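Fold and contact review
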Amino acid sequence: MLKRLFIGAVLFGCLTLATQEGHGYVRKGLYRLGFDSSVFRFGLVNLSFENAKDDSLRAFTVGAGMASTGLLLGVTVKNGLVLGARLNFGLSGQEELLSDEHYFSWGVSPFLEYVFLDRVVRPFLSVALGAQGASSYADDDSLWWGFRFGGGGGIHFFMHQSVSVDLALDVGYTLGKGRQFDADFQHWQLSTSVLLGTSGWF
């Protein structure tokens with residue numbers, strides 16, 4: 001019931017915002033400060049332990065309501081073009097790369113984003129390049145890291161000239177290494193996340 005009410009409220013707000021007058025472009029010289037969180041994630045993980053008989057282990061990961069937060073910092077280098085970085089961190093439970101462990105996750109992703117149109121509802125596209133990883137706080141020797149290449153798009157809903165609600169789809173590929181149970185491994189991941197957040201433009 002609450003889920004239906006939430007979805008209905010979001011749709012109503014989107015339709016209301018779409019009918020409002022525009023506030024102008026995301027103009028050059030603005031600074032962006034934002035926060036977001038992953039509300040849904042789907043991924044494919046490939047894991048290869050060194051000196052193992054099996055070449056690789058492949059598994060799907062799915063989750064909702066991830067316990068992680070992203071901090072976005074950026075500046076508009078020209079009208080509609082935002083250069084910035086997303087820092088994310090969080091605490092999570094079991095997952096394929098560190099099974100049966102609790103871990104601290106982190107990520108740093110510089111990004112380039114282009115915002116279209118000049119109305120209240122403004123779509124955007126982005127590309128990102130960075131690094132991410134995780135380490136177990138139960139076992140100092142369990143960790144993984146990797147370089148990440150990503151991109152995606154979404155919509156900024158400008159509730160005010162300087163405040164937006166942001167809905168984004170992020171797709172990424174991560175390639176890296178890790179260690180668990182005194183064994184080294186290599187991994188790659190394909191991930192898709194739905195992000196919901198808010199930004200201030202000053």
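Right, let's walk through the structure included here.

About the thresholds
- Residues numbered from 1 in each chain as written.
- Predicted model: local features only at pLDDT ≥ 70, side-chain atom pairs only at ≥ 80, totals over all residues.
- Heavy atoms only, no water.
- Core = buried A, V, L, I, M, F, W, Y, C linked by side-chain atoms within 4.5 Å.
- Buried < 20%, exposed > 50% of the residue type's maximum accessible area, 1.4 Å probe, protein only.
- Contact = heavy atoms within 4.5 Å.
- Salt bridge = Lys/Arg side-chain N within 4 Å of Asp/Glu carboxyl O.
- Pairing = 2+ DSSP bridges.
- Helix = DSSP H or I, 4+ residues; strand = E, 2+ residues; numbered from the N terminus.

Here we come to the nonpolar core. Formed by V26, L30, L72, V82, F111, V115, V120, F124, F158, A168, L195 and W201, the largest nonpolar core amounts to 12 residues. With near-sequence residues (within four places) excluded, F124 lies in contact with E113, Y114, V115, F116, G152, G153, G154, I155, H156, L167 and A168. Counting 5 residues, the second largest nonpolar core, distinct from the first, contains Y103, A134, W144 and F185.

On to the pattern of salt bridges. Counted according to the given criterion, the structure contains 6 salt bridges. The partner of D182 in a salt bridge is R179, with the nearest N and O atoms 4.0 Å apart. Under the relative-accessibility criterion, D182 is labelled exposed at 61%. Owing to a relative accessible area of 24%, R179 belongs among the partly exposed residues under this scheme. For the salt bridge of R179 with D184, the shortest nitrogen-to-oxygen distance reads 2.7 Å. Because the salt bridges share partners, they merge into one network encompassing R32, E113 and D166.

Moving on: the pairing of strand 8 (residues 163–180). In this structure, strand 7 (residues 143–160) lies alongside strand 8, joined through 17 bridges in antiparallel fashion. The residue bridging G154 from the neighbouring strand is A168, located in strand 8. Between strand 7 and the antiparallel strand that follows it, strand 8, lie 2 residues. By the bridge criterion, 18 bridges tie strand 8 to strand 9 (residues 183–201) in an arrangement that is antiparallel. In the sheet register, D170 faces strand 9, and the bridge partner there is S193. From the end of strand 8 to the start of strand 9, which pair antiparallel, there are 2 residues, and F181 there has a positive phi angle of about 55 degrees.

Turning our eyes to something else, we now look at the pairing of strand 9. Pairing geometry for strand 1 (residues 31–49) and strand 9, over 17 bridges, is antiparallel. Counterpart to F49 in the pairing with strand 9 is F185.

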